[in-house]
Amino acid sequence: MSKNLVIVESPAKAKTIEKYLGSDFKVLASYGHVRDLIPKEGAVDPSHDFAMKYEDIERNQKHVQAISKALKNSDTLYLATDPDREGEAISWHLYELLKDKKLLTNKAVHRVTFHEITKKAVTEAIANPAELAINLINAQQARRALDYLVGFNLSPLLWKKIRRGLSAGRVQSPALRMIVERELEIEAFTSQEYWSINAALTAQEQLFKAKLTHFDGIKLTQFSITNDTQAEATKQALLAAADGQLIVAKVEKKQQKRNPAPPFITSTLQQEAARKLGFTTKRTMMVAQQLYEGIELGGETEGLITYMRTDSVSLSIDAVNEIRTLIAEQYGAINLPEEPRLYKTKAKNAQEAHEAIRPTSAHRLPSQIKNYLSIEQFKLYELIWKRTIACQMIHATLNRLSVDLTCNEGKHNFRASGSTIASPGFMTIYLEGQDDSNESDDKESFLPTMEEGRPVQLNDIITGQHFTEPPPRYGEASLVKSLEEHGIGRPSTYATIISTLQNREYVTLENKRFYPTDVGRIVNKFLTEHFTKYVDYNFTANLEDDLDAVSRGEKDWIPLMHAFWDPFTTLIHQKEESVQRKDVTQEAIDEKCPECNGPLSIRLGRNGRFIGCTHYPECSYTRNLNDDNESNTEAEVIEGRTCPLCESALTLKSGRYGKFIGCSAYPNCRHIEPLEKPLDTQVACPQCHAGHILKRKSRNGKIFYSCSEYPKCEYALWNAPIKDPCPHCHWPILTVKITKRHGAEKVCPQKDCKYATPYEGDPADAEGPVTQPRT
């Protein structure tokens, strides 16, 4: 019988910790939260100081029963959930539930926290227990109450004013505003033409180029030369003035130091994993959780990284000393600075001071444990390990060289810039990625040796046409960065914010960029026009600030809730009366209906926005939003193709799920086909042996794979097929399956066969693009 009972969230974490603590301790998992607000109106009562009504989470009842049974035979209860607000709330809910069951009488109850799952960290936490942090609990309750009140009061309003099934969130709505505003900025952007002028030069038998900076003594700006006539005239003038050579006017040499990036916090890990590994934020956090909770290494389960939800860039003294020892051993003392590097947290509204995300042991090299990890686990661990080691290495030293060249007595000036790495320092193992980096025409390169006053051979003057580009759409990395800069959300919420916007179909992710949907645009328009304050970036950040003050014990949560709720509920009632549905879902345009001469408007329908007559239902004229007036009267004929069933012309049509190709003889002939041809995987169908497996997209946008002979052959798969036969059951193909636990694996698609082995390639390569152009 174990006298000590320890409760954590997950079974993986429980399994690891139990090995560290020995037979005197029993470790069980709660499997996350054990109770939540009742899912109906009245769960939070503002008239009684926001009293909350909770109910047990049904799916976790069996785990609560197991905890209750074990507690009866224990003297001491240790609540060891994660070291953040969410973890504190889970421990508190479990404590309250067990207290209601009268199972804590004469039991000692302790709260223990650790930021890494190692034997040393766990045993030290058990030896130095604390109590539940009521301030953290109050802060989490306030967050939960705010989210509930916003959702249960604003969402019904969206149902009435836009359409049923919509919802709004306190933190997700400002994030949606970011994406929509960026899209509007792109749509409003007007591209401008400009030209660059470069000299193609040779010195010391090396080709290089220099950019024109001054012409006729006037400094050039981006838009000094805006057309080919100007560019050509400038070129000819330069060629005539230079007469085949430029004179070196000035050579400037200097050294520049570049310092390493700080160790990872949650947001920077998500950003770098998106840039370097192509991981979504959700995928990054899932794999990081696995590394944190423990991986079996040769019979022993070890937590490989510290807690992955953190705003802190600090490292413990022990960790820094271990990292410095490893640097000296692996990379030499020359790459070790005299003093350890110290980093300060820059994130606005930083949460509780945790340690940065780092390996639990710097000496656990990625190459040494690669065989124990899935491909995804290895990639993320290696990224964390490299960033952590690099942050304590010496700076990199760069030699920078700038050369000014002239002609026509100094009236025409060019500049060439180049750089070389004098000492790589931390760049030996790691260099931070960048968002939306574009290589410019004057990208720095290695330059030959030149002396002031000496001529340099001019080979040609090169003119280049360019056009300004709009700001890029947000990707996952840049959206997380923007959310962090504005103080919106916290480390534990970034992935949830993004997945919620996608699940609600307010945004779509195409080519790793976010696009707002028609519904997302309308919801954002409604919120920004009528609830401006509540989607304001500063208001959201300030509210997060206030909640952080509650967690530190500096503010009381109930007055904070009243300050939010009283004006919010008043505004809800006002908008319920004053705003009509047509004010939100219709947008007037300067165009008359071709059928009744009434005004037209952009309207929101079941399948997105369209143009329709405002005299509906008396007039039912409609057309697609992007079609012109003529496109509605005559369908576009697909040239060179006829219907395979009746040989009538094929036309481009629009339906509920977008554009498609259909027979012009409809309804007499009902032949249809997708606008884009499904991708042929070149894998033969293992069932009929006549067709190939094609990659298709369902009506709901989900990818699947099926035989090209459908409907004659109905063989279909959810996972990407590959040509390798199964070595166990000899089925002609295998599939690439990606799971949270095992990452990417080659798996036999036959139900009775259990064959599975790690997939060494990139899963994206196996999946390929969804479609190929139809010819």
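All figures in this text were calculated on a predicted structure; none of them were measured in a lab.

Colleague: Go over the overall build of the protein, please, and point to the residues and values.
Modeller: On a plain count of helices and strands, the protein comes out with 19 helices and 36 strands. Overall, the protein is about 100 × 80 × 65 Å in size when its C-alpha atoms are taken along their principal axes. In the protein, buried positions account for 48% of the 775 residues. For the protein, contacts bridging at least 24 residues in sequence account for 66% of all contacts bridging at least 6. Of the roughly 39,900 Å² that the protein leaves accessible, carbon and sulfur atoms contribute 47%. Seen as two clouds, the 98 positive and the 102 negative side-chain charges of the protein have centres 4 Å apart.

Colleague: Summarise the side chain of His 93; cite the residues concerned and give the values.
Modeller: Secondary-structure assignment places His 93 in helix α3 (residues 85–100). His 93 has contacts with His 33, Val 34, Arg 35 and Tyr 54, leaving out every residue within four places of it along the chain.

Colleague: Run through the packing of helix α10 (residues 317–331) against helix α12 (residues 375–390), naming residues and quoting values.
Modeller: Remark: α10 packs on α12, axes separated minimally by 10 Å, with the N-to-C direction vectors making an angle of 95 degrees. Taken together, the axis directions place α10 and α12 in an arrangement best described as roughly perpendicular. Between α10 and α12, the contacting residues are Ile 323, Leu 326, Ile 327 and Tyr 331 on the first element and Trp 385, Thr 388 and Ile 389 on the second. Its residues assigned to classes, the contact of α10 with α12 shows 6 nonpolar, 1 polar and no charged.

Colleague: Requested: an account of α12, with residues and values cited.
Modeller: The terminal C-alpha atoms of α12, which comprises 16 residues, lie 22 Å apart, in line with the 22 Å expected from a rise of 1.5 Å per residue. Taken across its 16 residues, α12 has 13 buried, putting it largely inside the fold.

Colleague: Got a sec to walk through helix α16 (residues 537–551)? Specific residues and values, please.
Modeller: A rise of 1.5 Å per residue sets the reference length of α16, with its 15 residues, at 21 Å; its end C-alpha atoms lie 21 Å apart and thus fit the reference within 8%. Every buried residue of α16 is listed here: Tyr 537, Thr 540, Ala 541, Leu 543, Glu 544, Leu 547, Asp 548, Ala 549, Val 550 and Ser 551. On the buried face of α16, the contacting elements are α3, α5 (134–161), α6 (172–188), α13 (476–486) and α17 (557–578). Its side-chain oxygen at 3.0 Å from the backbone nitrogen of Asn 538, Asp 536 defines the N-terminal cap of α16.

Colleague: Tell me about the sheet that holds strand β34 (residues 743–747), residues and numbers included.
Modeller: Across the sheet, 4 strands lie side by side as β32-β33-β34-β35; this open sheet has antiparallel pairing. Two strands in the sheet have a free side with no partner beyond their single neighbour: β32 (720–722) and β35 (756–758). Strand-to-strand twist across the sheet, computed as the mean angle between neighbouring axes with direction ignored, equals 35 degrees. Where β34 and β35 come together, 3 bridges link them in antiparallel fashion. Pairing of Val 747 across the sheet is with Ala 756, part of β35.

Colleague: Describe a negative patch on the surface, naming the residues involved and giving the relevant values.
Modeller: Together, Glu 55, Asp 56, Glu 58 and Asp 100 make up a region of like negative charge exposed at the surface. Relative to the assigned elements, Asp 56 resides in strand β6 (residues 54–56).

Colleague: Account for the pattern of salt bridges, naming residues and giving values.
Modeller: For the coordinates displayed, the defined rule picks out 30 salt bridges. Between Asp 404 and Arg 415 there is a salt bridge; the shortest N-O distance is 2.8 Å. Residue Asp 404 is located in strand β15 (residues 396–407), and its partner Arg 415 is located in strand β16 (residues 412–423); the two are separated by 11 residues in the primary sequence. Judged by relative accessible area, which is 34%, Arg 415 ranks as partly exposed. Through salt bridges with shared partners, one network takes in Arg 85, Arg 143, Asp 147, Arg 170, Glu 544 and Asp 548.

Colleague: Hey, could you go over the environment of Leu 717 for me, with residue numbers and the actual values?
Modeller: You can see Leu 717 is positioned in strand β31 (residues 716–717). In this structure Leu 717 comes out as buried when scored by relative accessible area, which is 9%. The sequence separation of Leu 717 and Phe 704 amounts to 13 residues, and the corresponding C-alpha distance is 6.0 Å.

Colleague: How would you explain unusual backbone geometry if you had to name every residue and give the values?
Modeller: Of note, the amide linkage connecting Tyr 616 to Pro 617 takes the cis form, showing an omega dihedral of 10 degrees. One can find Pro 617 in the loop between β22 (608–613) and β23 (622–624). The backbone of Asp 49 sits at a positive phi, close to 55 degrees, despite the residue not being glycine. By secondary structure assignment, the location of Asp 49 is in the loop between β4 (44–45) and β5 (51–52). By relative accessible area, which is 42% here, Asp 49 ends up partly exposed.

Colleague: Can you explain the packing of aromatic side chains? Please cite residues and give values.
Modeller: Following the criterion strictly, the structure yields 15 aromatic pairs and no others. With a centroid separation of 5.5 Å and an interplanar angle of 80 degrees, the aromatic rings of Tyr 534 and Phe 564 are classed as edge-to-face. Of this pair, Tyr 534 sits in the loop between α15 (518–530) and α16 while Phe 564 sits in helix α17; the two residues are 30 residues apart in sequence, bridging distant segments of the chain. Between Trp 565 and Phe 568, the aromatic rings sit 6.2 Å apart at their centres with planes inclined by 50 degrees, giving tilted as the arrangement. In this pair, Trp 565 and Phe 568 both sit in helix α17, 3 residues apart, roughly one turn of the helix. One exposure class covers both Trp 565 and Phe 568, and it is buried. Taken together, the ring pairs in this structure connect Phe 526, Phe 531, Tyr 534, Phe 539, Phe 564, Trp 565 and Phe 568 into an aromatic cluster. Directly above the ring of Tyr 430 sits Lys 276, whose terminal nitrogen or CZ lies 5.2 Å from the centroid. In this arrangement the basic side chain of Lys 370 is found over the ring face of Phe 378, its NZ or CZ atom lying 4.9 Å from the centre.

Colleague: So, the pairing of strand β18 (residues 507–510): which residues are in play, and what are the values?
Modeller: Strand direction decides the pairing type here: β18 and strand β19 (residues 513–516), joined by 4 bridges, are antiparallel. From the neighbouring strand, Thr 508 faces β19, where its bridge partner is Tyr 515. In this antiparallel pair of consecutive strands, β18 and β19, the connection spans 2 residues, and Asn 511 shows a positive phi of 50 degrees.

Colleague: Tell me about the state of the cysteines, and name the residues and values.
Modeller: Summed over the entire model, instances satisfying the criterion amount to 0 disulfides. Cysteine Cys 669 is unpaired, with the sulfur of Cys 643 as its nearest cysteine sulfur at 3.6 Å.

Colleague: Residue-level account of the sheet that holds strand β20 (residues 586–592), with values.
Modeller: Strand order in the open sheet made by the 4 strands is β20-β21-β22-β23, with antiparallel pairing throughout. Two strands in the sheet have a free side with no partner beyond their single neighbour: β20 and β23. Geometrically, the sheet is characterised by an average inter-axis angle of 35 degrees between neighbouring strands, direction not taken into account. On top of the sheet, α15 reaches β21 (599–605) and β22; it is set at about 80 degrees to β22, its chief contact.

Colleague: An account of the environment of Glu 577 is requested, with residue identities and associated values reported.
Modeller: Mapped onto the elements of the fold, Glu 577 is located in helix α17. Judged by relative accessible area, Glu 577 falls into the exposed class, the value being 70%. The spatial distance from the C-alpha of Glu 577 to the C-alpha of Ile 137 is 37 Å, given a sequence separation of 440 residues.

Colleague: Break down the packing of α6 against helix α14 (residues 494–503) for me, with residues and values.
Modeller: Two elements in contact, α6 and α14, have axes separated by 10 Å at closest approach and are oriented at 70 degrees. Judged by the angle between their axes, α6 and α14 are roughly perpendicular. Residues Gln 172, Ala 175, Leu 176 and Ile 179 of α6 form the contact with α14, whose participating residues are Ile 497, Thr 500 and Leu 501. When grouped by side-chain class, the residues that make up the contact of α6 with α14 number 5 nonpolar, 2 polar and no charged.

Conventions used here
Residue numbering note: each chain is counted from 1, following its sequence as written. Reporting of local features is limited, given that this is a predicted model, to residues whose pLDDT is at least 70; pairs of side-chain atoms are given and counted only at 80 or more, and all residues count toward the totals for whole chains, interfaces and linings. To obtain the side-chain values, all non-hydrogen atoms of the structure were included, while hydrogens and water were left out. Elements are defined by DSSP. Helices are runs of H or I of four residues or more, strands are runs of E of two residues or more, and each kind is numbered from the N terminus. Here the term buried applies to any residue with accessible area under 20% of the maximum for its type, exposed to any over 50%, and partly exposed to those in between, with areas from a 1.4 Å probe on protein chains only. Contacts are assigned to residue pairs that have any heavy atoms within 4.5 Å of one another. Only the protein chains shown count as cover for residues, with accessible areas throughout obtained via the Shrake-Rupley method and a probe of 1.4 Å. Charge counting follows a simple rule: Lys and Arg are positive, Asp and Glu are negative, and His as well as the terminal groups are ignored. For charged residues, the charge sits on one atom: NZ in Lys, CZ in Arg, CG in Asp, CD in Glu. Axis lines are fitted to C-alpha atoms, over the contacting stretch for helices. Their N-to-C directions set the angle, which ranges from 0 to 180 degrees. Roughly parallel refers to an angle under 35 degrees, roughly antiparallel to one over 145, roughly perpendicular to one between 65 and 115, and oblique to any angle outside these ranges. Each residue gets one of three labels, nonpolar for Ala, Val, Leu, Ile, Met, Phe, Trp, Tyr, Cys and Pro, charged for Asp, Glu, Lys and Arg, and polar for the others, Gly among them. The span one expects for a helix is its residue count, reduced by one, times 1.5 Å. Polar contacts here mean pairs of N or O atoms no more than 3.5 Å apart (in protein, one a potential hydrogen donor and the other a potential acceptor; neighbouring residues in sequence count only if both atoms are side-chain atoms). For two strands to be treated as a pair, DSSP must find at least two bridges joining them. To count toward a patch, a residue needs a relative accessible area above 30% and no salt bridge. Like charges then connect within 9 Å, nonpolar side chains (Val, Leu, Ile, Met, Phe, Trp, Tyr) within 5 Å. Salt bridge, as applied in this entry: a Lys or Arg side-chain nitrogen positioned within 4 Å of an Asp or Glu carboxyl oxygen. To pair, rings of Phe, Tyr and Trp, with the six-membered ring standing in for Trp, must have centres within 6.5 Å; the planes then decide the type, stacked if under 30 degrees apart, edge-to-face if over 60, and tilted in the middle. Look at NZ for Lys and CZ for Arg. If either is within 6 Å of the ring centre and within 35 degrees of the ring normal, a charge sits over the ring. The term disulfide is used for any two cysteine sulfur atoms that are within 2.5 Å.

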